[in-house]
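A structural walkthrough
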Amino acid sequence: SLTEPQAIHRLSLVCNTGTITWFGASGAVRLEVMPFLGGNFGACFVAESENINVKISQEHSYISIHKNYRLKQEESRTLKLNHVLTSSARSSEFCVSSNNAEPVLLYIEAVRIPGITGVPKILFHYDLEKVDTHSLLDPMNDCRPCTKEELLDSYCSMDFVVIGNLMEVSENPTNDRSNITLHVKQLIHQREPDYFQRVKRSDPHLTGHVTVPRKCGLQQSEGDFLLTGRYRLNSLSLRCASYLHEWRKIQHQTECSHG
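Quick caveat: nothing in here was measured; it's all calculated off a predicted structure. (Residues numbered from 1 in each chain as written. Predicted model: local features only at pLDDT ≥ 70, side-chain atom pairs only at ≥ 80, totals over all residues. Heavy atoms only, no water.)

A closer look at the overall build of the protein chain
To keep it simple, the criterion reads: Labels follow the DSSP assignment, with helices taken as runs of H or I lasting at least four residues and strands as runs of E lasting at least two, numbered in each case from the N terminus. Note on classification: 1.4 Å probe, protein chains only; a residue is buried when its accessible area is under 20% of the maximum for its type, exposed when over 50%, partly exposed between these limits. Here, residues are in contact when the closest pair of their heavy atoms is within 4.5 Å. Here the open area of atoms and residues is found with the Shrake-Rupley method and a 1.4 Å probe, where only the protein chains shown may cover a residue.
When its secondary structure is counted, the protein chain shows three helices and 14 strands. Here the protein chain, with 259 residues, has 38% of them falling under the buried criterion. When contacts within the protein chain are restricted to residue pairs at least 6 apart in sequence, those whose partners lie at least 24 apart make up 68%. Accessible surface computed for the protein chain: about 15400 Å², of which carbon and sulfur atoms make up 50%.

And the structure:
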């Protein structure tokens, strides 16, 4: 962007989750989102910007059929940009979905702020997941309890697995996520060492923060839980929460069935 300040840069993702860092942001990026998962997928994003505004649109193409002067039918493709959001700091999370395994095309523009002379920088966090048709049709699918099979799968595959309490639930007015403070009694697995830490040396527990969609209406609950989740969009996201005594039953049944 320093040598071509108004260029439109083309970029394709090579991972299913991560962050794009754009120093000296200027011009625009045309981002092709196509995971290696196969089938339908959902993609969620959060944009952060410093000394610059970021405008994000989704590119759609439309095929129209018309007749030419020789009365033959011809197809023409028209491109259209649908505005998604404009942000000056940290945007809310937004998600798009793709049917028939077609790529999602995003147009990310760097918009100068008058009077601001600092180095512009944009961080673009993304997370892609394979979804089934039912998930695309049901907006509350993210809020339903995990099945036994999903709980066992998340226990083996998620970025964190802990036993603890839901101590505090608060809503963030700037986005559509609820923030949950966890007191962790037993750390079973965490992919990175700083997910859950001891705030005070004398604390008998570790502390961490996770998020859930605000639409789920999660409330503070008494008792011990098995909690699993992923690191996505620069924060920890809760995937499954099961009362510990229910998890022990599932654990015992699974051990017996494979004994």
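Some thoughts on the state of the cysteines
Put simply, the rule is: Defined by distance alone, a disulfide is two cysteine sulfur atoms within 2.5 Å.
Taken as a whole and assessed by the stated rule, the structure comprises three disulfides. In this model, cysteine 143 is linked to cysteine 216 through a disulfide, with the two sulfur atoms separated by 2.0 Å. Looking along the S-S bond of the cysteine 143-cysteine 216 disulfide, the torsion reads about -80 degrees, which is the left-handed sense. You can see cysteine 143 sitting in the loop between α1 (133–137) and α2 (148–157) and its partner cysteine 216 sitting in the loop between β12 (206–213) and β13 (221–232), a full 73 residues away along the chain. Assessed through its relative accessible area of 27%, cysteine 216 is described here as partly exposed. Cysteine pairing in the protein chain follows 1-2, 3-5, 4-6, where each cysteine in a disulfide is numbered by its order in the sequence.

A few points about the packing of aromatic side chains
Quick note on the threshold: Pairing of aromatic rings covers Phe, Tyr and the six-membered ring of Trp, with a centre-to-centre limit of 6.5 Å; geometry is then stacked below 30 degrees between planes, edge-to-face above 60, and tilted otherwise.
Tallied over the entire structure, the rule returns six aromatic pairs. Their ring planes at 10 degrees and their centres at 5.8 Å tell us that tyrosine 195 and tyrosine 231 sit as a pair that is stacked. Residue tyrosine 195 is located in the loop between β11 (177–190) and β12, and its partner tyrosine 231 is located in strand β13; the two are separated by 36 residues in the primary sequence. Residue class for tyrosine 195 comes out buried when judged on its relative accessible area of 11%. Relative accessible area serves as the criterion here: at 34%, tyrosine 231 is assigned to the partly exposed category.

Points about the pattern of salt bridges
Should the charged atoms of two oppositely charged side chains come close, the side chains can pair. The condition is simple: Whenever a carboxyl oxygen of Asp or Glu lies within 4 Å of a side-chain nitrogen of Lys or Arg, that contact is scored as a salt bridge.
Here the structure, examined in full by the defined rule, presents 11 salt bridges. The partner of glutamate 93 in a salt bridge is arginine 177, and the shortest N-O contact between them spans 3.8 Å. With glutamate 93 in the loop between β6 (73–87) and β7 (94–98) and arginine 177 in strand β11, the pair connects residues that are 84 residues apart, well separated along the chain. For arginine 177, a relative accessible area of 9% puts it in the buried group. We note a salt bridge from aspartate 224 to lysine 185, for which the minimum N-O separation is 3.0 Å. Linking aspartate 224 in strand β13 with lysine 185 in strand β11, this pair joins segments that are 39 residues apart in sequence. Taking the relative accessible area as the measure of exposure, aspartate 224 reaches 26% and is therefore partly exposed. A single network of salt bridges, built from pairs that share partners, joins Glu93, Asp127, Glu129, Arg177, Arg230, Arg232 and Arg239.

No statement about biological role is implied by the geometric values presented.
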